[in-house]
Amino acid sequence: MSVDFNQLSFDEVFLRYKEKFIGFAMSYVGHRQAAEDIVVDAFMTYWENRGRLAADTNIPAYVLTVVKNRCLTWLCDRKLHEDILDKMARREQWRVQMQIASLESLEPHHIFTEEMQATVRQTLNLLPEKTRQVFLLSRYQQKSHKEIAGLLSISLKTAEFHITKATRVLRERLKDYSFLLFFI
């Protein structure tokens, strides 16, 4: 029995071919909901354009052509989406690899030691000349308080005062490094 597609009503074509077209679309897009959306959209496209089509238009062929084109668009969009996700994943993987390499090469002791030394130098440069001189003799030349007092012609108490003052200022400026000083 030959079917004259031109004589079938839209409802008949829809009922007869909807599931077949969904199966066709599913075989390409792999998702039932996406396939149903594509098929319904294809039928709506036919319905919206029916007045501009030739009277002898083969409705199932027209709708199937729209389904095919929508499947192609869906697949191209999906490929683009996957390509973007892959690019993002590669970029993230590269970022993580760089972070790993950076952490592996990091020597916190050296970094903080250099920063601490710079902070100590800056702090010592901010101290009054006499306080700095007393502190340097005490800490860097290992002079006793009595030796410092004799070298600089100051009292023992004055030498102790300058050392205490310098130590207090340094302790305050190095407070952010106190956790590291514990480990060192």
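Refer to the structure printed above.
Everything numeric here is computed off the predicted structure, so don't read it as measured data.

Novice: Which parts of the structure should I look at to understand the packing of helix H5 (residues 129-139) against helix H6 (residues 145-152)?
Specialist: Two numbers describe a pair of packed helices, the interaxial angle and the distance between the axes. Taken N-terminus to C-terminus, the directions of H5 and H6 make an angle of 135°; their axes are 10 Å apart at the nearest point. In terms of orientation, H5 lies oblique with respect to H6. Judged by the sense of rotation from one axis to the other, the crossing of H5 with H6 is right-handed. Side by side, H5 and H6 meet where Lys130, Gln133, Val134, Leu137 and Ser138 of the first sit next to Ile148, Leu151 and Leu152 of the second.

Novice: Where do I start with unusual backbone geometry in this structure?
Specialist: When glycine is set aside, most residues are seen to have a negative phi, and most peptide bonds are trans. Backbone geometry at Gln142 places phi at a positive 50°, although glycine is not the residue there. Despite not being glycine, Ser153 shows a phi value in the positive range, around 55°. Locating Ser153 in the fold gives a position in the loop between H6 and helix H7 (156-173).

Novice: Even after reading the chapter, I still don't get the packing of aromatic side chains, so can you show me in this structure?
Specialist: Any pair of aromatic rings gets described here by the distance separating the centres and the angle formed by the planes. Counted under the stated rule, the structure contains nine aromatic pairs. One aromatic cluster is present, built from ring pairs that chain together Phe10, Phe14, Tyr17, Phe21, Phe43, Tyr46, Trp47 and Tyr62.

Novice: Please explain the nonpolar core as it appears in this structure.
Specialist: Across soluble globular proteins, you tend to see nonpolar side chains buried next to one another. In this structure, Phe21, Val39, Phe43, Val63 and Val67 are the most contacted members of the largest nonpolar core, which totals 19 residues. Those elements that place two or more of their residues in this core are helix H1 (10-29), helix H2 (32-49) and helix H3 (59-105). Contact partners of Phe21, with chain neighbours within four places excluded, come to Val39, Phe43, Pro60, Val63, Leu64 and Val67.

Novice: What is the right way to read the side chain of Thr123 from this model?
Specialist: Within the secondary structure, Thr123 is located in helix H4 (residues 108-126). At 2.7 Å, the side chain of Thr123 forms a polar contact with the backbone oxygen of Thr119.

Novice: I tried to follow the pattern of salt bridges on my own but got confused; where do I start?
Specialist: Applying the stated rule across the entire model yields six salt bridges. A salt bridge links Arg70 to Asp41, with the nearest nitrogen and oxygen atoms 2.3 Å apart. Of this pair, Arg70 sits in helix H3 while Asp41 sits in helix H2; the two residues are 29 residues apart in sequence, bridging distant segments of the chain. With a closest N to O distance of 3.0 Å, Asp83 and Lys79 form a salt bridge. Residue Asp83 and its partner Lys79 are located together in helix H3, separated by four residues, close to a single helical turn. Overall, Lys79 belongs to the exposed group, its relative accessible area being 53%. Residues joined in a network through salt bridges with shared partners are Glu19, Arg32 and Glu36.

Thresholds applied
- Residues numbered from 1 in each chain as written.
- Predicted model: local features only at pLDDT ≥ 70, side-chain atom pairs only at ≥ 80, totals over all residues.
- Heavy atoms only, no water.
- Axes fitted to C-alpha atoms, helices over the stretch in contact; angles between N-to-C directions.
- Helix = DSSP H or I, 4+ residues; strand = E, 2+ residues; numbered from the N terminus.
- Parallel < 35°, antiparallel > 145°, perpendicular 65-115°, else oblique.
- Left-handed = near helix turned anticlockwise from the far one by under 90°.
- Contact = heavy atoms within 4.5 Å.
- Phe/Tyr/Trp six-rings, centres within 6.5 Å; stacked < 30°, edge-to-face > 60°.
- Core = buried A, V, L, I, M, F, W, Y, C linked by side-chain atoms within 4.5 Å.
- Buried < 20%, exposed > 50% of the residue type's maximum accessible area, 1.4 Å probe, protein only.
- Polar contact = N/O pair within 3.5 Å; in protein donor to acceptor, adjacent residues only side chain to side chain.
- Salt bridge = Lys/Arg side-chain N within 4 Å of Asp/Glu carboxyl O.

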